[in-house]
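# Fold and contact review
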Amino acid sequence: MSFAFSVPPRSPALNELRIEVREFLQEQLAGMSISQRAHSWHGFNAGFSRQVAAKGWIGMVWPKQYGGGERSGLERYVMLEEMLAAGAPVSLHWTGDRQSGPLLLSLGTEAQKQKYVPRLAKAEIFFCIGLSEPDAGSDLANLRTRAVKVDGGWIINGTKVWTTGAHLKHYMIMLCRTQARDETNRHAGMSQFVVDLATPGLQIRPIQNLAGEHYFNEVVFTDCFVADDCLIGTEGNGWKQAMGELALERSGPERFLTAAIMLQELVRLASKYPSQRATIEIGKLSAQLATLRRMSFSVASAMQQGIDVGTAGSFVKDLGSVFEQSIPDLARDLFDLGELDDEDFLGVFRYVMLASPSFSIYGGTREILRGIISKALVAGH
Amino acid sequence: MTDHFDERLQQQTMLADSADKCFADLCSKDTVNAAEAGQWPTQLWDTLTDLGFLSALVPEQAGGLGLHPADILPTVRIAGRYAAPVPYGETIIAGWLLGRVGLPVPQAPLAFGPVDRNSTLTLSPTAQGWLLNGRLRQIPWGNSVERIAVLCETADGLRVASIDPKNATQSVTTNLAGEPRVALDFTDTIIAGTDVKPAPADIQANTLYLYGALLRSLQMAGALITARDLAVQYTSERIAFGKPLNRLQAVQQNLAVLAGQTAAANVAVDMALDALAQGSPDTDIAIAMAKIRTNAAAEIAARLAHQSHGAIGFSHEHPLHHATRRLWSWRDEFGNEAYWAERVGQRVIDAGSEEFWPLMTRAAQL
Ligand SMILES: Cc1cc2nc3c(=O)[nH]c(=O)nc-3n(C[C@H](O)[C@H](O)[C@H](O)COP(=O)(O)OP(=O)(O)OC[C@H]3O[C@@H](n4cnc5c(N)ncnc54)[C@H](O)[C@@H]3O)c2cc1C
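Predicted model, so just to flag it, every value in this text is computed and none were measured. (Residues numbered from 1 in each chain as written. Chains lettered and ligands numbered in written order. Predicted model: local features only at pLDDT ≥ 70, side-chain atom pairs only at ≥ 80, totals over all residues. Heavy atoms only, no water.)

### Examining the state of the cysteines
With the rule as written, the count across this model stands at 0 disulfides over all chains. Just so you know, Cys224(A) is unpaired, no disulfide at all, and the nearest cysteine sulfur is the one on Cys176(A), 11 Å from it. (Disulfide = S-S within 2.5 Å.)

### Topic: the packing of aromatic side chains
According to the stated counting rule, one finds 21 aromatic pairs over all chains in the structure shown. An angle of 85° between the planes, with centres 6.0 Å apart, marks the rings of Tyr116(A) and Phe127(A) as edge-to-face. One end of the pair, Tyr116(A), is in helix H6 (residues 110-121); the other, Phe127(A), is in strand S1 (residues 127-130), and 11 residues separate them in sequence. For the pair formed by Tyr116(A) and Phe127(A), the shared burial category is buried. Consider the rings of Phe23(B) and Tyr88(B), whose centres lie 5.7 Å apart with planes at 85°: the pair is edge-to-face. Taken as a pair, Phe23(B) in helix H1 (residues 2-26) and Tyr88(B) in helix H6 (residues 88-100) lie far apart in primary sequence, 65 residues in all. The exposure class of Phe23(B) is buried, given its relative accessible area of 0%. A relative accessible area of 2% places Tyr88(B) in the buried class. (Phe/Tyr/Trp six-rings, centres within 6.5 Å; stacked < 30°, edge-to-face > 60°. Helix = DSSP H or I, 4+ residues; strand = E, 2+ residues; numbered from the N terminus. Buried < 20%, exposed > 50% of the residue type's maximum accessible area, 1.4 Å probe, protein only.)

### Observations regarding helix H7 (residues 207-237) of chain B
A rise of 1.5 Å per residue sets the reference length of H7(B), with its 31 residues, at 45 Å; its end C-alpha atoms lie 45 Å apart and thus fit the reference within 8%. For H7(B), the tally of buried residues reaches 27 of 31 residues, placing the bulk of the element in the interior. (Expected span 1.5 Å × (residues − 1).)

### Some remarks on the layout of surface pockets
Estimated volume of the second largest pocket: approximately 1500 Å³. In terms of lining residues, the second largest pocket is bounded by 46 residues, among which Ser6(A), Val7(A), Leu9(B), Gln12(B) and Asp270(B) are the most central. At the level of secondary structure, the elements contributing two or more residues to the lining of the second largest pocket comprise helix H9 (276-304) of chain A together with H1, helix H5 (74-81), H7 and helix H8 (249-278) of chain B. No other element matches H1(B), which puts 9 residues into the lining of the second largest pocket. (1 Å grid on protein atoms, 1.4 Å probe; cavity = no way out; pocket = protein on both sides within 12 Å on 5 of 7 lines; lining within 4 Å. Points joined across faces, edges and corners; volume = space filled by probe spheres on them.)

### What about the domain arrangement of chain B?
Residues and elements named next belong to chain B. Taken domain by domain, chain B holds domain 1 (2-198) and domain 2 (207-364). Distance between the C-alpha centres of domain 1 and domain 2: 23 Å. Taken residue by residue, the interface counts 34 residues in domain 1 and 35 residues in domain 2. A combined buried area of about 3000 Å² lies between domain 1 and domain 2, and 62% of that area is made up of carbon and sulfur atoms. In terms of surface lost to domain 2, no three residues of domain 1 exceed Lys29, Arg77 and Arg117, which account for 22% of the buried area on that side. In this assembly, domain 1 and domain 2 are joined by 6 salt bridges. Between Glu90 and Arg216 there is a salt bridge, and its shortest N-O distance comes to 2.8 Å. Applying the counting rule to domain 1 against domain 2 returns 15 residue pairs in polar contact (both at pLDDT 80 or more). (Domains from an automatic or database assignment. Contact = heavy atoms within 4.5 Å. Buried area = accessible area lost by both parts, 1.4 Å probe. Salt bridge = Lys/Arg side-chain N within 4 Å of Asp/Glu carboxyl O. Polar contact = N/O pair within 3.5 Å; in protein donor to acceptor, adjacent residues only side chain to side chain.)

### With respect to the environment of Ala70(B)
Residue and element names in this part refer to chain B. Among the secondary structure elements, Ala70 is positioned in helix H4 (residues 69-72). With a relative accessible area of 2%, Ala70 lands in the buried category. In this view, Ala70 contacts Arg8, Gln12, Leu273, Leu276 and Ala277; residues no more than four positions away in its chain are not counted.

### Some details on the interface of chain B and chain A
How big an interface is tends to be stated in terms of the accessible area lost upon association of its parts. Chain B puts 45 residues into the contact, and the matching count from chain A is 46 residues. Together chain B and chain A conceal approximately 4200 Å² of surface at their shared face, both sides included; 70% is due to carbon and sulfur atoms. Across the chain B-chain A interface, the total number found is 1 salt bridge. Across the contact surface, chain B and chain A share 7 residue pairs in polar contact (both at pLDDT 80 or more). Contributions of two or more residues to the side of chain B that touches chain A are made by H7, H8, helix H9 (283-309), helix H11 (337-351) and helix H12 (356-363) of chain B.

### Focus: the sheet that holds strand S8 (residues 196-198) of chain B
Residue and element names in this part refer to chain B. Strands sit in the order S1-S4-S5-S8 across an open sheet of 4 strands; the sheet is mixed. Every other strand in the sheet has two partners, leaving strand S1 (110-113) and S8 as the edge strands with one partner each. Strand-to-strand twist of the sheet, defined as the mean angle between neighbouring strand axes without regard to direction, takes the value 20°. Direction of pairing for S1 relative to strand S4 (residues 147-154): parallel, over a ladder of 4 bridges. Following the sheet pairing, Leu110 is matched in S4 by Arg147. H6 rests against S1, S4 and strand S5 (157-163) of the sheet, and its axis sits at about 70° to S1. (Pairing = 2+ DSSP bridges. Axes fitted to C-alpha atoms, helices over the stretch in contact; angles between N-to-C directions.)

Quick look at the structure:
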C-alpha cells in the first residue's frame, strides 16, 4: 500500500446499514447516561454484546459456515464506527471480532474453528490478548513466558500483564516461548496458544488503573496444562503470526473515536456558551475527524481487497491518538471547568482526561509506531 | 456506479500521468528560480496549453475539453509538487467561469477574482455598458494575465465579467514564494456590455473563493509530498555519526510525523474532490475541511522538513524552499485555518450535538 489512502466510491448499501445500526443503538442505549456512553470502548456489557451478535454484527465478515455474515469489510467498518460514535459498550466482544476470530479462521485447525468461532459470533465467549509481560512491552521479543512440551500438551509458566478484560472473558490468545531463547534470533521459537481462562494454575489478579478502575489484569501461569489442540498455527512461528494479528489492531475507528462522545458534548456546550474560539476549535476538530475517518476507511477497504496494508494502520493510530488526546486538553481550555456547572459534561471529561494517557500507549506506543512509519518511508513503501 | 467510477478513475490517471510528465520535463529547479527572477516559463506554459489542460473545463464547442472539475483538478496537486511557477489552477477555473456564461476564453494566462473577502469592487450599468470601480487585491500574475474572470454583485444580481487588467493601475508585489500577487485599481473603467453576463444560478458570490481554497489545498498537498520526499532522501544520503541520519531515532520520529501530516492533508483534499465529483450538498464543508487540514499540515511539515535538512535546506541552492515558501504562502491565501474552521464549526453547532455525527459522516463522503 502506498501512502495515498484512496477510498472506493460511496455505496448506497452502506448508508442503509448505517441507518439500521443507528436505529438499533437508539433503542438499545436509551437508558444509558452520557458518562456511561463516554466509556464506550471500555464498556463491558454481555447483554448488549449478545444483542449485537443477534443482529449478525459480530464476525460480520466471517464465513457463514462458522457463524459469520459474509458481509464486506466496509460494512463492518460502518457498523463499528456507528457503535463508537454512539458510545455503545462494545468492549467485551471487540477484540474477538477484530483479531481473535480472524486469527483462528486463518490459522486454526478445522476443529479449532468449529469450537471457537461460532460461539464468538454469538457472543457466548469473549477473548483477551496476552502479549505484554513485565519485561516485554514495546520490546515484545523479550518475553519469557514458557511452554514446555509434555505428553498430550504443554505446561505453561510465566506472567502476562496489562491484559484487558481477562477477569470478564473466557479465553486468551497468548504468545510465549516454546523453545529456549536464542540470543542471536530472539523472534525464533515462539508459539501462540488459545488458553481457557478457567485452566487450573491460571491466576487473574486485578490491576487498578490511575482512575481506580479495573480493566486490565496480571495473569499468572503456574504449571498450567494446555492440550495439544490449543496450539494455534505452527509451533515456532508465533512471532510472525502475532505480528500479523497486530496489523489488524491499528487502523480501526477505535483509534480516533475513543473520545467521540466528548466531541459531541463539546458541540452541545458550544451552543450553550457560544464563543468564536469554541466555534473555531470545533471546526478544526471536525476537519481532523473527517480526515481520519477517510484514512481508516481506506485501510478497511484495502484489507477487504486483500491488499497488504503494511504501515497504513500505524499512520491512523499515530494521528488518531494525537487527535483524541487533544480533545480533553482543548475542552478544559475552552470551558473553564472550574466555573462550569454541567455535571453531564464533567462526568465525560473525568473519564476521557484520565483515560487519555493510554491512547498513545496501548496497541503500540507512539514512538514505536513512528519508528515503523519511518522505516517504511526509508524503504520506499 | 462502479463502472462509471472506474472510467472516471482511468481518465484521471491518464491526465495525471501526462501532467506529471510535462512538469517533470519542463519545470525544473532552474525553471522555478528563473520564474522568480521574472522569466516566464514559455515552454512549460505552451505545453500545458497544447495538452488542453488549461482549457479543460471550457465547453467542447468553445474549444475546450469539457471535463468535470473533479477530473482535471487533481493535476493541480501535481503542479504543486513541482512548484509550477504559473497560474495553472487559476487559468483553469477562470476558463471554466468564462466558458460557463458563454464569454470568450482566450488561450492565455488568466486569473479570477476577487480573491479577497472584503473586495470593494463595484460594477454598475451605464449607457455604454458597465462601469468598474474599486480594487482587486492579490491577483496571481495579475500583471501578465490576459483576462480576469470577475464575479461581482450588482443591483441586477450577480454578474460575471471578463476584465482586461491593462485598464487598471497595477501595484505588483509577491508572496513569500516570489509568485506575483498584484493589486489592480479600477476607476470608472468602462466594460463593454458584451463582456458581462448574469451568473448561472449554481454560482454564488463565494463560489470563486471556495474554488480558490480548493486550488491552494491541492497545491499544498503536492508541495507537502515534495517536502516529505526531499527529507526522506536527504536523511538517507547525509552521513553523521558514522551512519545515515535516518538511522537516528530523533530523525526517524520527525520523518514519521512529516509523513503523517502529508498523508492526512492529501486525504483531506481527496475528500473535497470526492464531494465535488459527487455534486454533494456538503461540498463547501468538504473544501473548508481540506483547507483547514492542509494549512495545519503545512505548518508542522514545513518545520520538520527544514529541521531534517539542517543548514543546506536553508540555502537558496537547495530546492526545499520551493516547496516550503509556497506552503507558507498558500496557507494564508483563500482563508487561514481560523476562517474556515469558524465556518465549519458554526455549521456543526447550528446542526446541534445530536446531529454532529451524521453531519460528519456526510461531510467525509463516506
Ligand atoms: C490501557 C491499556 C490496555 C492494555 N491492554 C493490553 C492487553 O490487553 N494485552 C496486552 O498484551 N497488552 C496490553 N497493554 C500493554 C501495551 O501493549 C504496552 O503497554 C505497550 O506495548 C508498551 O509497553 P510498555 O508499557 O512496557 O512500555 P515500554 O515499552 O517500557 O515503553 C516506555 C516508553 O519508552 C518508549 N520506547 C520503548 N521502546 C522504544 C524504542 N525502541 N524507541 C523509542 N521509544 C521507545 C515507549 O514509546 C514509551 O514511551 C495495554 C496497555 C494499556 C495502557
